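# Chain and residue survey
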Amino acid sequence: MRLEKGLTREQLAEMCEIQPTYLADVERGQRNIRLQSLEKIAMGPPSKIIRLEDLKLEDDYMEKKELQLLISEKLNGSSQDELKLVIKLIDEILNFVDKK
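Residue positions are given per chain, counting from 1 as you read along its sequence in written order. For this predicted model, a pLDDT threshold of at least 70 governs which residues receive local features, and a threshold of 80 or more governs which side-chain atom pairs are given and counted, while totals over whole chains, interfaces and linings are taken from all residues. Water and hydrogen atoms were dropped before computing side-chain values, which therefore reflect all heavy atoms in the structure.

### Description of the overall build of the protein chain
Basically, it comes down to this: Where helices and strands are cited, they refer to DSSP runs of H or I of at least four residues and of E of at least two residues respectively, numbered from the N terminus. Think of it in three bands: residues with accessible area under 20% of the maximum for their type are buried, residues over 50% are exposed, and the middle band is partly exposed, with areas taken using a 1.4 Å probe on protein chains only. Whether two residues touch is decided by their heavy atoms; if any such pair falls within 4.5 Å, the residues are in contact. The method behind every accessible area is Shrake-Rupley, applied with a 1.4 Å probe, and residues are considered shielded solely by the protein chains displayed.
In terms of regular secondary structure, the protein chain is built from five helices and zero strands. In sequence order, the protein chain lays out its α and β elements as α-α-α-α-α. Per-residue burial over the protein chain gives 15% buried out of 100 residues. Taking the contacts inside the protein chain whose residues are at least 6 apart along the sequence as the reference set, 39% of them involve residues at least 24 apart. With an accessible surface of roughly 8900 Å², the protein chain has 53% of that area assigned to carbon and sulfur atoms.

Pasting the structure below:
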């Protein structure tokens, strides 16, 4: 799976929040994997890696209130875990934008 996605062991480990050495041992069959780690790997890298530089809104002329409403509509019905993930993604995007 990792190689199919073109990821190094270090990249996958970072994305899954596990140690690269632990991942290496699991890949070689030298360690048994814990259920929690297996879940992290299974949920690991997204099937599509998105480059923040490539993200663009379809309509650059939307008003702030329209954008807030659109975000609210998209998040409606999301679980608590999904909302936490969205917050982390927003933080990463804002950090990325601040660095430009």
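We are not done yet, so read on.
### Side note on the packing of helix H1 (residues 9-16) against helix H2 (residues 20-27)
Basically, it comes down to this: Axes here refer to lines fitted to C-alpha atoms; in helices the fit is confined to the stretch in contact. Angles between the N-to-C directions go from 0 to 180 degrees. In this scheme, roughly parallel covers angles under 35 degrees and roughly antiparallel covers those over 145, while 65 to 115 is roughly perpendicular and the rest are oblique. By definition, turning the near helix anticlockwise from the far helix through less than a right angle yields a left-handed crossing, and turning it clockwise yields a right-handed one. In this classification, the charged set is Asp, Glu, Lys and Arg, the nonpolar set is Ala, Val, Leu, Ile, Met, Phe, Trp, Tyr, Cys and Pro, and all remaining amino acids, among them Gly, are polar.
Viewed as axis vectors pointing N to C, H1 and H2 meet at an angle of 110 degrees, and their least axial separation amounts to 9 Å. What the angle tells us is that H1 and H2 run roughly perpendicular. The interaxial crossing formed by H1 with H2 has right-handed handedness. Packed against H1, whose contacting residues are Arg-9, Glu-10, Leu-12 and Ala-13, the element H2 presents Pro-20, Leu-23, Ala-24 and Glu-27 at the interface. Of the residues assigned to the contact of H1 with H2, the class counts are five nonpolar, no polar and three charged.

### Overview of the confidence of the model for the protein chain
Inclusion rule: Values of pLDDT, the confidence the predictor places in each residue, fall between 0 and 100.
Of the residues in the protein chain, 79% reach a pLDDT of 70 or more, and the chain-wide mean stands at 79. Predicted confidence in the protein chain is weakest over helix H3 (residues 35-43), with a mean pLDDT of 74, and strongest over H2, with 89.

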